[in-house]
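Overview (structure and organization)
If you want the building blocks of each chain, they are given just below.
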Amino acid sequence: MWTDFIEYLNDPLLVVKVQNFFGVIYKTISHEGSAEITNSERLNRENEGFELKQHKRVPSNISSSSQSSYDTDTSAESAGREEVVCHINNKFWYWLFVVGTALGDEIFYVTFIPFWFWNIDGAVGRRVILVWTIVMYIGQGSKDIIRWPRPGYPVQKLQQKWAVEYGMPSTHAMVGVSIPFSVLLYTMDRYRYPAHWGLLIAVAWCTLICVSRVYLGMHSVLDIAGGLVLAGALLVPLIPLVDWLDGVLLTAPYAPALVLAVSVLLVVYHPHADKWTPTRGDTTMIVSVCAGILTGSWVNYQLGNLAGSAERPPYRILWPGAAMLGCAALRTVLGLCGLLATRALAKSASYALVCALLRRDLRTLRASEDSLHNAHKILAELCHKYFTYAVIGLNTTYVFPNVFYLLRINRPTYYTEI
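About the cut-offs
Residues numbered from 1 in each chain as written. Predicted model: local features only at pLDDT ≥ 70, side-chain atom pairs only at ≥ 80, totals over all residues. Heavy atoms only, no water. 1 Å grid on protein atoms, 1.4 Å probe; cavity = no way out; pocket = protein on both sides within 12 Å on 5 of 7 lines; lining within 4 Å. Points joined across faces, edges and corners; volume = space filled by probe spheres on them. Helix = DSSP H or I, 4+ residues; strand = E, 2+ residues; numbered from the N terminus. Nonpolar A, V, L, I, M, F, W, Y, C, P; charged D, E, K, R; others polar. Salt bridge = Lys/Arg side-chain N within 4 Å of Asp/Glu carboxyl O. Patch = residues over 30% accessible without salt bridge, like charges linked within 9 Å, V, L, I, M, F, W, Y side chains within 5 Å. Areas by Shrake-Rupley, 256 points an atom, 1.4 Å probe, with all protein chains shown as cover. Buried < 20%, exposed > 50% of the residue type's maximum accessible area, 1.4 Å probe, protein only. Contact = heavy atoms within 4.5 Å. Phe/Tyr/Trp six-rings, centres within 6.5 Å; stacked < 30°, edge-to-face > 60°. Lys NZ or Arg CZ within 6 Å of the ring centre and 35° of its normal.

Time to look at empty space enclosed by the protein. Evaluation of the coordinates by the stated rule reveals 3 cavities of 30 Å³ or more. Counted as a void, the second largest cavity has a volume near 40 Å³. Around the second largest cavity sit Phe112, Ile113, Trp116, Phe117, Gly125, Val128 and Ile129, which together line it. Those elements that provide at least two residues to the lining of the second largest cavity are helix 6 (106-119) and helix 7 (122-146). The biggest single contributor to the lining of the second largest cavity is helix 6, with 4 residues. Taken together, the residues that form the lining of the second largest cavity break down as 6 nonpolar, 1 polar and no charged.

Below is the structure:
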């Protein structure tokens with residue numbers, strides 16, 4: 001019974017049904033050039049003569065044929081089949097889910113994390129980032145251990161990013177649990193606000209991310225369920241553990257050395273897949289951002305830059321006036337521009353330095369093949385990503401907040417940041 005249920009959740013045709021529900025129309029094009037709308041039942045009948053292993057778990061190679069039409073199933077296993085394409089029949093759902101999937105993307109991280117630290121609450125921010133890092137590290141590592149491909153034929157992938165990664169568990173689903181629910185759990189007793197509204201926002205946030213991944217054809221429903229269960233199970237011990245650990249990493253004199261050593265070891269001993277994927281590089285970025293943020297916060301604490309409060313939580317929320325909103329906008333714009341400049345400079349300098357140490361030409365190494373056997377490129381990529389994003393994290397919590405203070409546009413600290 002459970003085996004059948006798991007197989008059902010893992011079925012690519014279930015992904016097709018979700019896409020159909022939100023207006024993605026599949027069409028079968030014959031060799032003569034005629035096109036016919038195809039539903040999931042017919043696709044199921046077409047699959048009956050093929051083994052499950054070959055066609056339900058083999059990822060398809062993707063090539064876009066137009067703005068709203070995408071080719072699928074160009075792999076060798078599909079030789080002799082009619083071509084399957086799909087059309088986006090409802091632009092509203094398409095763009096909604098594109099935005100939804102971006103909530104688990106790098107662009108979201110580099111805007112949401114700095115904005116939170118510069119304008120909302122650094123104490124909550126440190127805890128949320130630490131939870132997010134641990135959850136993502138376990139999720140990313142699990143992908144390269146389990147090695148389940150993303151949905152294959154007849155699923156059409158409407159997004160190519162991360163297509164070469166494995167699918168189980170969905171780390172987007174894990175982000176959808178770890179960030180909004182950790183924010184909720186760390187703020188519900190800290191501030192006075194209706195917790196049920198926070199819960200509603202967290203559930204909507206998580207749902208949008210999860211459905212977007214199935215809609216875009218990037219995950220099976222089982223991948224999503226696996227990510228939700230794993231992240232939910234991890235939050236139970238992590239919420240109190242991170243609450244305690246944050247105090248240690250903020251105040252202990254050895255904290256920066258510990259953070260640096262652990263983060264480097266996590267990158268070095270990240271689980272290896274049987275093929276090259278961007279998973280290890282993405283994990284390096286996450287771990288290094290966390291290391292930079294924790295180090296910058298520790299420096300602030302040692303210098304006495306983290307203010308305390310005479311009040312005790314729960315605190316009342318101070319809604320900003322026009323002047324505060326203007327300063328917040330200015331901090332955000334200046335800070336993000338600074339982070340972009342930091343990223344460009346640190347990336348170029350660190351990559352060039354690693355290439356010089358390896359005695360390899362920078363352009364040649366960058367253009368070389370992404371492969372597990374290309375050890376020099378892997379080393380250069382991991383080193384430059386670690387350095388670049390660690391500096392970004394450090395600038396987020398230490399450098400730019402102090403620049404804002406000198407410019408007199410810093411955020412007033414009404415409550416404790418400890």
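There is more to say after this.
Quick look at the pattern of salt bridges now. By the definition in use, this model includes 8 salt bridges. Between Arg343 and Glu106 there is a salt bridge; the shortest N-O distance is 3.9 Å. One end of the pair, Arg343, is in helix 13 (residues 322-358); the other, Glu106, is in helix 6, and 237 residues separate them in sequence. For Glu165, the salt bridge goes to Arg150, with nearest N and O atoms at 3.5 Å.

Taken together, the side chains of Leu260, Val264, Leu265, Val268 and Tyr269 present a nonpolar region at the surface, about 500 Å² in accessible area. Judged by relative accessible area, which is 43%, Val268 ranks as partly exposed.

A separate point is the environment of Trp276. Within the secondary structure layout, Trp276 lies in the loop between helix 11 (255-268) and helix 12 (279-302). With a relative accessible area of 31%, Trp276 lands in the partly exposed category. Each C-alpha atom, one on Trp276 and one on His373, is 8.9 Å from the other, the two residues being 97 residues apart in sequence. Setting aside residues no more than four positions away along its own chain, Trp276 makes contact with Val164, Asp370, Ser371 and Leu372.

Turning next to the packing of aromatic side chains. For the coordinates displayed, the defined rule picks out 17 aromatic pairs. Here Phe22 and Trp93 contribute two aromatic rings whose centre-to-centre distance is 4.8 Å and whose plane-to-plane angle is 65°, an arrangement assigned as edge-to-face. Placement of the pair is Phe22 in the loop between helix 2 (12-21) and strand 1 (24-29) and Trp93 in helix 5 (residues 91-102), with a sequence separation of 71 residues. Taking relative accessible area as the criterion, Phe22 reaches 13% and is therefore assigned buried. A relative accessible area of 28% places Trp93 in the partly exposed class. Among the aromatic residues, those joined into a cluster by ring pairs are Phe21, Phe22, Phe92, Trp93, Phe97 and Tyr215. For Lys91, the ring lying beneath its charged end belongs to Tyr94, and the centroid distance is 6.0 Å. Positioned above the aromatic ring of Tyr351, the side-chain terminus of Arg366 is 4.4 Å from the ring centre.

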